[in-house]
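Fold and geometry: a report
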Amino acid sequence: QGNLVAGDSLSGVLRRAAGENVGSYTIDASALANGNYVVTAQNGSLSIAARPITVTADAKSKVYGNVDPGLTYQVTKGALVEGDSLSGVLRRAAGENVGSYTIDASALANGNYVITAQNGALSIDARPITVTADAKSKVYGNVDPGLSYQVTQGALVVGDRLNGVMRRAASENV
């Protein structure tokens with residue numbers, strides 16, 4: 001309360017409590033002084049609010065049966081303060097068959113940021129293989145030999161097998 005006489009000023013500096021993280025910090029006015037005044041200092045506060053950013057999981061792909069690629073993300077709106085990082089990990093929806101699986105970015109966190117997480121997708125593409133029917137022969141009038149095949153390019157994933165029946169063109173003549 002009150003005013004300084006014209007031309008007077010207070011010496012000293014305002015200091016604030018140390019810290020850069022989100023929160024409220026005291027601004028200390030107790031060092032302000034002038035011998036002609038009885039100064040009653042009332043502290044203020046500095047409020048540091050969370051920085052808004054958007055984080056987007058990168059789209060990834062793999063071939064059926066291969067290991068997952070590393071999951072990564074980008075800050076697509078706003079920016080991290082130099083030296084900061086996000087904790088948490090990206091996770092993808094379970095499944096190994098051909099299809100699209102969500103990459104969830106919602107576990108990424110840092111208390112100094114308000115994070116909007118945008119999910120990505122992992123695409124599992126069909127595994128290319130080439131199947132070649134084995135050449136067979138028989139003598140006219142005999143029963144057909146068993147039909148078989150070989151995977152001649154690529155490979156089946158361990159535990160997988162092909163379904164279906166092999167058929168030959170109809171005819172019994174030479």
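Our subject is the structure that appears above.
**What about the environment of Asp 58?**
Its place among the elements puts Asp 58 in the loop between β4 (51–57) and β5 (60–63). When the C-alpha atoms of Asp 58 and Ser 11 are compared, they prove to be 55 Å apart, with 47 residues separating the residues in sequence. Among residues more than four places away in sequence, those in contact with Asp 58 are Thr 72, Tyr 73, Gln 74, Ile 103 and Ala 121. Of note is the side chain of Asp 58, whose polar atom sits 3.3 Å from the side chain of Gln 74.

**Regarding the pattern of salt bridges**
A side chain with one charge can pair with a side chain of the opposite charge if their charged atoms come near. By the definition in use, this model includes nine salt bridges. The shortest N-O distance in the salt bridge between Lys 62 and Asp 68 comes to 2.7 Å. Taking relative accessible area as the criterion, Lys 62 reaches 6% and is therefore assigned buried. Between Arg 168 and Glu 172 there is a salt bridge; the shortest N-O distance is 2.7 Å. We classify Glu 172 as partly exposed; its relative accessible area is 44%. What emerges from the salt-bridge pattern is a single network uniting Lys 62, Asp 68, Arg 92 and Glu 96.

**Thoughts on the nonpolar core**
Counting residues in hydrophobic clusters, the biggest one holds 13 residues, and the most contacted among them are Leu 90 and Leu 108. Of all the secondary-structure elements, those providing two or more residues to this core are β4, β8 (99–104) and β10 (120–125). At three residues, the largest contribution of residues to this core is made by β4. With residues up to four places along the chain from it excluded, the contact list for Leu 90 reads Ala 57, Leu 71, Thr 72, Tyr 73, Ile 103, Asp 104, Ala 105 and Leu 108.

**Observations concerning the sheet that holds β4**
Spatially, three strands are ordered β6-β4-β9 in an open sheet, and the strand pairing comes out mixed. Strands with a single pairing partner mark the edges of an open sheet, and in this sheet they are β6 (73–77) and β9 (113–118). Pairwise comparison of adjacent strand axes, ignoring direction, gives a mean angle of 35 degrees for this sheet. Bridge count between β4 and β6: four bridges; the pairing is antiparallel. Bridging from a neighbouring strand, Ala 57 pairs with Tyr 73 of β6.

Each value, and the rule that gives it
Residues numbered from 1 in each chain as written. Predicted model: local features only at pLDDT ≥ 70, side-chain atom pairs only at ≥ 80, totals over all residues. Heavy atoms only, no water. Helix = DSSP H or I, 4+ residues; strand = E, 2+ residues; numbered from the N terminus. Contact = heavy atoms within 4.5 Å. Polar contact = N/O pair within 3.5 Å; in protein donor to acceptor, adjacent residues only side chain to side chain. Salt bridge = Lys/Arg side-chain N within 4 Å of Asp/Glu carboxyl O. Buried < 20%, exposed > 50% of the residue type's maximum accessible area, 1.4 Å probe, protein only. Core = buried A, V, L, I, M, F, W, Y, C linked by side-chain atoms within 4.5 Å. Pairing = 2+ DSSP bridges. Axes fitted to C-alpha atoms, helices over the stretch in contact; angles between N-to-C directions.

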